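Letter by letter, the chains look like this.
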Amino acid sequence: MPLFTPGTFISTPSGERLVQELGPGDVVLNKKGVAVQIRWKGAATLNSQEIYGHPHLHPVVLQRGALAPGVPARDTAVSQNLGFDASSYKMGHVMAMGAQAVAAKKLINHRGIRSVEPITITYIHFHFDRHEMICANGAWVECFSPLDPDNGAARNSQRIELFYYFPELRDLAVDRKQPAKPLDAKGIWSRFQGR
């Protein structure tokens, strides 16, 4: 789930654009090279009082080239649960576990990757109709979307982080459990009676 910080460049059909310049209706490129439309965008700024004593809110900073030569293309700060595409980089420990993506927090203390406690931080998130893999500062990252019904309990830490920063997303109808289809009691009873 991307919680980016201002200054992050996102790949679009017309070239790289700053994350803060993109909004609903704009399109970005996914890993398959398909243009996908942004459906929602939000920004949340935390001050030092909100950050102090809450290390899970601290951004993870990846130095240029921390994942692979030239990747990311520039120093990049992201939220702790942003998932990097494990298959695109030499993350042997991740690939051995069969993971498709690895959260930024799991990379802390690897070469050129650390958590920092800023005075203030702004996180920017956007999502699409479904889960996507997009390119940010030259790195492939997951874009978690609560609109995608396939993003269930397995992605609970991403969901919790997203709803912490953007509680308004809890109201999305697709994120709620849909009521079960009513039983056709008459039809079921007929089958039991051999009709």
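Right above here is the structure, for reference.
Residues numbered from 1 in each chain as written. Predicted model: local features only at pLDDT ≥ 70, side-chain atom pairs only at ≥ 80, totals over all residues. Heavy atoms only, no water.

Novice: What is the right way to read the overall build of the chain from this model?
Specialist: From N to C terminus, the chain includes four helices and 13 strands. Looking at the 195 residues of the chain, the share that counts as buried comes to 43%. Accessible surface, the chain: about 10,700 Å² in total, of which carbon and sulfur atoms supply 54%. (Helix = DSSP H or I, 4+ residues; strand = E, 2+ residues; numbered from the N terminus. Buried < 20%, exposed > 50% of the residue type's maximum accessible area, 1.4 Å probe, protein only. Areas by Shrake-Rupley, 256 points an atom, 1.4 Å probe, with all protein chains shown as cover.)

Novice: Help me out: how do you make sense of the pattern of salt bridges in this one?
Specialist: Two side chains carrying opposite charge are able to pair once their charged atoms lie near each other. One pass over the structure, following the stated rule, counts four salt bridges. With its nearest N and O atoms 3.8 Å apart, the salt bridge here joins R74 to E16. Of this pair, R74 sits in the loop between β6 (60-62) and β7 (76-78) while E16 is found in strand β2 (residues 15-18), placing the two residues 58 residues apart along the sequence. Looking at R74, the relative accessible area reads 28%, which means it is partly exposed. Residue D129 is joined to R39 by a salt bridge in which the shortest nitrogen-to-oxygen separation is 2.9 Å. Here D129, found in the loop between β11 (121-127) and β12 (132-136), pairs with R39, found in the loop between β4 (35-37) and β5 (40-46); they are 90 residues apart in sequence, far enough to count as distant. (Salt bridge = Lys/Arg side-chain N within 4 Å of Asp/Glu carboxyl O.)

Novice: How do you make sense of the sheet that holds β6 when you look at a structure like this?
Specialist: Two modes of strand pairing occur in sheets, parallel and antiparallel, and in both the strands are linked by backbone hydrogen bonds. One open sheet accounts for three strands, arranged β7-β6-β10; its pairing is antiparallel. Either end of the sheet is taken by a strand with one partner, and the two such strands are β7 and β10 (113-115). The mean angle between the axes of side-by-side strands here comes to 25 degrees, regardless of whether they run parallel or antiparallel. (Pairing = 2+ DSSP bridges. Axes fitted to C-alpha atoms, helices over the stretch in contact; angles between N-to-C directions.)

Novice: What exactly am I supposed to notice about the environment of C143 here?
Specialist: Here C143 is to be found in strand β13 (residues 139-143). Judged by relative accessible area, which is 0%, C143 ranks as buried. Along the sequence, C143 and F128 sit 15 residues apart, while their C-alpha atoms lie 7.9 Å from each other.

Novice: Please clarify how the side chain of E142 should be interpreted in this entry.
Specialist: One can find E142 in strand β13. At 3.2 Å, the side chain of E142 and the side chain of H131 are in polar contact. (Polar contact = N/O pair within 3.5 Å; in protein donor to acceptor, adjacent residues only side chain to side chain.)

Novice: Please explain the pairing of β13 as it appears in this structure.
Specialist: Both faces of the sheet carry side chains from a regular strand, because those side chains alternate between them. Most of β13 is tucked away: four of the five residues are buried. Connecting β12 to the antiparallel partner β13 that follows it, the hairpin turn spans two residues, and N137 within it adopts a positive phi of roughly 50 degrees.

Novice: Help me out: how do you make sense of the nonpolar core in this one?
Specialist: Here is a general trend for soluble globular proteins: nonpolar side chains tend to be buried in one another's company. Formed by 28 residues in total, the largest nonpolar core has its most connected members in F4, I10, F84 and F126. Of all the elements in the fold, those that place two or more residues in this core are β6, β11, β12 and β13. For this core, the element with the highest residue contribution is β13, accounting for three residues. In this structure, L3, I51, Y123 and Y165 belong to the second largest nonpolar core, which totals eight residues. (Core = buried A, V, L, I, M, F, W, Y, C linked by side-chain atoms within 4.5 Å.)

Novice: So what exactly am I meant to see when it comes to the packing of aromatic side chains here?
Specialist: Describing an aromatic ring pair means giving the distance of the ring centres and the angle of the ring planes. Scanning the model with the defined rule gives two aromatic pairs in all. Geometrically, the ring pair formed by F4 and F126 is tilted, given 6.1 Å between the ring centres and 50 degrees between the ring planes. Of this pair, F4 sits in the segment before β1 (9-12) while F126 sits in strand β11, placing them 122 residues apart in sequence. Relative to F128, the ring of F126 lies with its centre 5.8 Å away and its plane at 80 degrees, an arrangement referred to as edge-to-face. Exposure remark for F128: the relative accessible area of 1% places this residue in the buried category. Aromatic ring contacts, followed pair by pair, group F4, F126 and F128 into a single cluster. (Phe/Tyr/Trp six-rings, centres within 6.5 Å; stacked < 30°, edge-to-face > 60°.)

Novice: Help me understand the environment of K106, please; the structure alone is not making it clear to me.
Specialist: Inspection of the secondary structure assignment puts K106 in the loop between β9 (101-103) and β10. K106 gets classed as exposed once you look at its relative accessible area, which sits at 56%. For the pair K106 and V60, spaced 46 residues apart in the sequence, the C-alpha separation amounts to 9.9 Å.

Novice: How should I be thinking about unusual backbone geometry in this particular structure?
Specialist: For residues other than glycine, phi is negative in most cases, and the peptide bonds are mostly trans. Across the junction of V71 and P72, the peptide omega takes the value -5 degrees, indicating a cis bond. For N109, which is not glycine, the phi torsion reads 80 degrees and is therefore positive. Within the secondary structure, N109 is located in the loop between β9 and β10. For N109, a relative accessible area of 71% translates into the label exposed. Positioned with a positive phi, N137 is a non-glycine residue whose angle comes to about 50 degrees. Counting through the fold element by element, N137 comes out in the loop between β12 and β13. Overall, N137 belongs to the buried group, its relative accessible area being 1%.

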